[in-house]
Amino acid sequence: SQQGEEDPQALSIQEGENATMNCSYKTSINNLQWYRQNSGRGLVHLILIRSNEREKHSGRLRVTLDTSKKSSSLLITASRAADTASYFCATGYGRKYIFGTGTRLKVLA
Amino acid sequence: EAGVAQSPRYKIIEKRQSVAFWCNPISGHATLYWYQQILGQGPKLLIQFQNNGVVDDSQLPKDRFSAERLKGVDSTLKIQPAKLEDSAVYLCASSLGQGPDTQYFGPGTRLTVL
């Protein structure tokens, strides 16, 4: 399967701490996106990184991409209770995206 | 700008019954996606439309699932007959163009098959 896999599956941290989650994939990609899903809701796009980029920032989010290791990481700095959600990577192959299994993040106030 | 609309939000049916979901994408978005998300898993692409043509339906169980996109705008996804394992959230998403692009998701339809 080409599906990306997030690691860890679940993460629990204190408010103010940083949260790091990883995504690994198996075949070459065009780009990779990260999405957030709050409980019972649709997914919200966070950031897109192209295969020729190594790092992107958006507010408290930092995404890195290492195509040689076929992996990406999402760092959320200074986490807040509102960051509690599931986070998914979506790997892009041509016009197609495949979502990973997700990391469930819980931020404790 | 209005987001992706889906209806109904919730549906409970008996196995072997049929059900249909509706999606209205963001105006002007060429690409429309239907995903199935089983509890605790990531979304799985069922079908992808580019305007009113099918780009990918390789994971659509065609013996029971069907989908159409009328005039390249609204879309319906139908299940007939439903099985217990079809219980999931069905997500519709749309994106502007053909290439690597942000997908905008609707709130989803939660289907329970009893």
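On a predicted model such as this, the values are computed, not experimentally measured, just so you know. (Residues numbered from 1 in each chain as written. Chains lettered and ligands numbered in written order. Predicted model: local features only at pLDDT ≥ 70, side-chain atom pairs only at ≥ 80, totals over all residues. Heavy atoms only, no water.)

**Considerations on the environment of arginine 16 of chain B**
Along the chain, arginine 16 of chain B turns up in the loop between strand E2 (10–13) and strand E3 (19–24). Here the alpha-carbon distance between arginine 16 of chain B and proline 81 of chain B, two residues 65 residues apart in the chain, equals 4.4 Å. (Helix = DSSP H or I, 4+ residues; strand = E, 2+ residues; numbered from the N terminus.)

**Focus on the nonpolar core**
Counting residues in hydrophobic clusters, the biggest one holds 23 residues, and the most contacted among them are Met21, Leu32, Trp34, Leu74, Ile76, Tyr87 and Leu105 of chain A. Secondary-structure elements contributing two or more residues to this core are strand E3 (19–24), strand E4 (31–37), strand E5 (43–50), strand E7 (61–66), strand E8 (71–76), strand E9 (85–93) and strand E11 (103–108) of chain A. Looking at which element gives the most residues to this core, the answer is E9 of chain A, with 4 residues. Here leucine 32 of chain A is in contact with Cys23, Tyr25, Ile47, Leu48, Ile49, Leu65, Ser72, Cys89, Ala90 and Thr91 of chain A, once residues within four sequence places are set aside. In this structure, Phe65, Ile79, Cys92 and Leu111 of chain B belong to the second largest nonpolar core, which totals 21 residues. (Core = buried A, V, L, I, M, F, W, Y, C linked by side-chain atoms within 4.5 Å. Buried < 20%, exposed > 50% of the residue type's maximum accessible area, 1.4 Å probe, protein only. Contact = heavy atoms within 4.5 Å.)

**Focus on the layout of surface pockets**
Space inside the largest pocket adds up to approximately 530 Å³. It is strand E11 (residues 109–113) of chain B that provides the largest number of residues to the lining of the largest pocket, a total of 4 residues. (1 Å grid on protein atoms, 1.4 Å probe; cavity = no way out; pocket = protein on both sides within 12 Å on 5 of 7 lines; lining within 4 Å. Points joined across faces, edges and corners; volume = space filled by probe spheres on them.)

**A word on the state of the cysteines**
Residue and element names in this part refer to chain B. Overall, the coordinates contain 2 disulfides over all chains when judged by the stated rule. A sulfur-sulfur distance of 1.9 Å marks the disulfide that ties cysteine 23 to cysteine 92. On the sign convention where negative is left-handed, the bridge of cysteine 23 and cysteine 92, at about -70° about the S-S bond, is left-handed. Within this pair, whereas cysteine 23 is found in strand E3, its partner cysteine 92 is found in strand E9 (residues 88–95), the two being separated by 69 residues in sequence. (Disulfide = S-S within 2.5 Å.)

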